[in-house]
Amino acid sequence: MSHNRRTAARSARILGVSAASAALALGAAGSALACSLADFSAAALCDGGKGVITVTDKDASGVPAVVTVYLENNGGDLRQVGEQTVIGTKEGAQVQFAEEWKPGAVYRVHVTATRGTKTFVNDDIPLLTAPAKACAAEQTAKPSPSTSRSATGKPSASASASTPPGDDTTATASGSAAAPAPGGNEVSPAAQESNLAETGADSNTPVIAGIAAALVAVGGAAVFFGMRRRGAGNRH
């Protein structure tokens, strides 16, 4: 065999090995991305006090899948709970079925995943058994007696307890503070003005008295000087 033939044969073997390795790698990658039954899981949960059945699809290839849930009874389908379509993601896509499951109830979840003419999954995931404890109903806050009575316009329980029936002390106190009782010791401004007018404190009496005093003084002085002049005339 010539040198050229040996070189060509060696090159062919190398190309063959490389092609086989590439095929195996592509096959492994395709298998890793292919949709399978292992990508699906189910759980019976509680949502706001109500039961739900949640199915999760972690198919990274995103093959659409039809999920159908049945309630089982002695190994047979008692009724269909519901049917929904889910498109899986790497993180996991979920669909929920409202179901007031009872503790220990058994459910069958069937998955059918197809793309085009190829069917990837057409099987049941392992049977789902509900938890041993049912969902607790949410408790709503009840209105207090005072709130309900106030809403209807009646006195609240707190007001009735703090103020005995027939006790109008508060009303009397507020009424007396707002308007003084007639006949009290307080004197109105009009009454004060009337009293001042009657006593003359707000009139011209002081002025008149002053003038009268001045006139009396002038008269007395005139009499005094008249008597002195008369006495002087008599001496002459």
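Described in the following lines is the structure provided in the data block. (Residues numbered from 1 in each chain as written. Predicted model: local features only at pLDDT ≥ 70, side-chain atom pairs only at ≥ 80, totals over all residues. Heavy atoms only, no water.)

## As for the overall build of the protein
- Along the protein, the regular secondary structure elements total six helices and eight strands.
- Counting helices and strands in the order they occur from the N terminus, the protein gives α-β-β-β-β-β-β-β-β-α-α-α-α-α.
- For the protein, the residues scored as buried account for 19% of the 236 residues in total.
- Contacts spanning at least 24 positions in sequence make up 58% of the contacts within the protein whose residues lie at least 6 apart.
- Entry remark: accessible area of the protein is about 17,200 Å², with carbon and sulfur atoms responsible for 58%. (Helix = DSSP H or I, 4+ residues; strand = E, 2+ residues; numbered from the N terminus. Buried < 20%, exposed > 50% of the residue type's maximum accessible area, 1.4 Å probe, protein only. Contact = heavy atoms within 4.5 Å. Areas by Shrake-Rupley, 256 points an atom, 1.4 Å probe, with all protein chains shown as cover.)

## Quick look at the pairing of strand β1 (residues 40–47)
- When β1 meets strand β2 (residues 50–57), the two strands line up antiparallel, connected through eight bridges. Bridged to Ala42 within β2 is Val55. (Pairing = 2+ DSSP bridges.)

## A few points about the pattern of salt bridges
- All chains considered together, the criterion is met by four salt bridges.
- Residue Arg79 is joined to Glu99 by a salt bridge in which the shortest nitrogen-to-oxygen separation is 2.5 Å. With a gap of 20 residues between them, Arg79 in strand β4 (residues 76–87) and Glu99 in the loop between β5 (93–98) and β6 (106–115) connect regions that are remote in the sequence.
- For Arg79, a relative accessible area of 38% corresponds to the partly exposed category.
- In this structure, Asp124 engages Arg108 in a salt bridge whose closest nitrogen and oxygen atoms are separated by 3.1 Å. With Asp124 in strand β7 (residues 118–124) and Arg108 in strand β6, the pair connects residues that are 16 residues apart, well separated along the chain.
- A network of salt bridges, in which partner residues are shared, links Glu72, Asp77, Arg108 and Asp124. (Salt bridge = Lys/Arg side-chain N within 4 Å of Asp/Glu carboxyl O.)

## Digging into the state of the cysteines
- According to the stated counting rule, one finds one disulfide in the structure shown.
- Here Cys46 is linked by a disulfide to Cys135, with a sulfur-sulfur distance of 1.9 Å. Measuring the twist about the S-S bond at about -90°, one finds the Cys46-Cys135 disulfide to be left-handed. Taken as a pair, Cys46 in strand β1 and Cys135 in the loop between β8 (128–129) and α2 (145–151) lie far apart in primary sequence, 89 residues in all. (Disulfide = S-S within 2.5 Å.)

## Things to note about the nonpolar core
- With 26 residues, the main nonpolar core has Phe40, Val67, Val69, Val86, Phe97 and Tyr107 as its most contacted residues.
- Of all the secondary structure elements, the ones that give two or more residues to this core are β1, β2, β3 (64–73), β4, β5 and β6.
- Not counting residues up to four positions away in its chain, the partners in contact with Phe97 are Gly51, Val52, Ile53, Val55, Val67, Val69, Val81, Gly82, Glu83 and Gln84. (Core = buried A, V, L, I, M, F, W, Y, C linked by side-chain atoms within 4.5 Å.)

## Here's the deal with the environment of Cys35
- Here Cys35 is to be found in the loop between α1 (3–33) and β1.
- For the pair Cys35 and Ser61, spaced 26 residues apart in sequence, the C-alpha separation works out to 6.5 Å.
- Among all residues touching Cys35, those that are not within four sequence positions of it are Phe40, Asp59, Ser61, Val63, Ala113, Phe120 and Val121.

## Points about the side chain of Asp59
- With respect to the helices and strands, the residue Asp59 is situated in the loop between β2 and β3.
- Lacking a salt bridge, the buried Asp59 has Arg115 as its closest oppositely charged neighbour, with an N-O distance of 6.0 Å.
- At 2.9 Å, the side chain of Asp59 forms a polar contact with the backbone nitrogen of Val63. (Lys, Arg positive; Asp, Glu negative; His and termini not counted. Polar contact = N/O pair within 3.5 Å; in protein donor to acceptor, adjacent residues only side chain to side chain.)

## Notes on the sheet that holds β5
- Judged by pairing direction, the sheet is antiparallel, and its three strands sit side by side in the order β1-β2-β5 without closing on themselves. The sheet is open, and its two edges are formed by β1 and β5, each paired on a single side. Strand-to-strand, the axes of this sheet are offset by a mean angle of 25°, without reference to chain direction. (Axes fitted to C-alpha atoms, helices over the stretch in contact; angles between N-to-C directions.)

## Topic: the pairing of β5
- With burial as the criterion, only one face of β5 is covered, namely that bearing Ala93, Val95 and Phe97; the residues Gln94, Gln96 and Ala98 on the opposite face remain uncovered.
- Of the strand pairs in this sheet, β2 and β5 are connected by six bridges, and their pairing is antiparallel. Within β5, the position partnered with Ile53 by the bridge is Phe97.

## Brief notes about unusual backbone geometry
- Notably, Asn74 is not glycine yet its phi reads approximately 55°, a positive angle.
- Relative to the assigned elements, Asn74 resides in the loop between β3 and β4.

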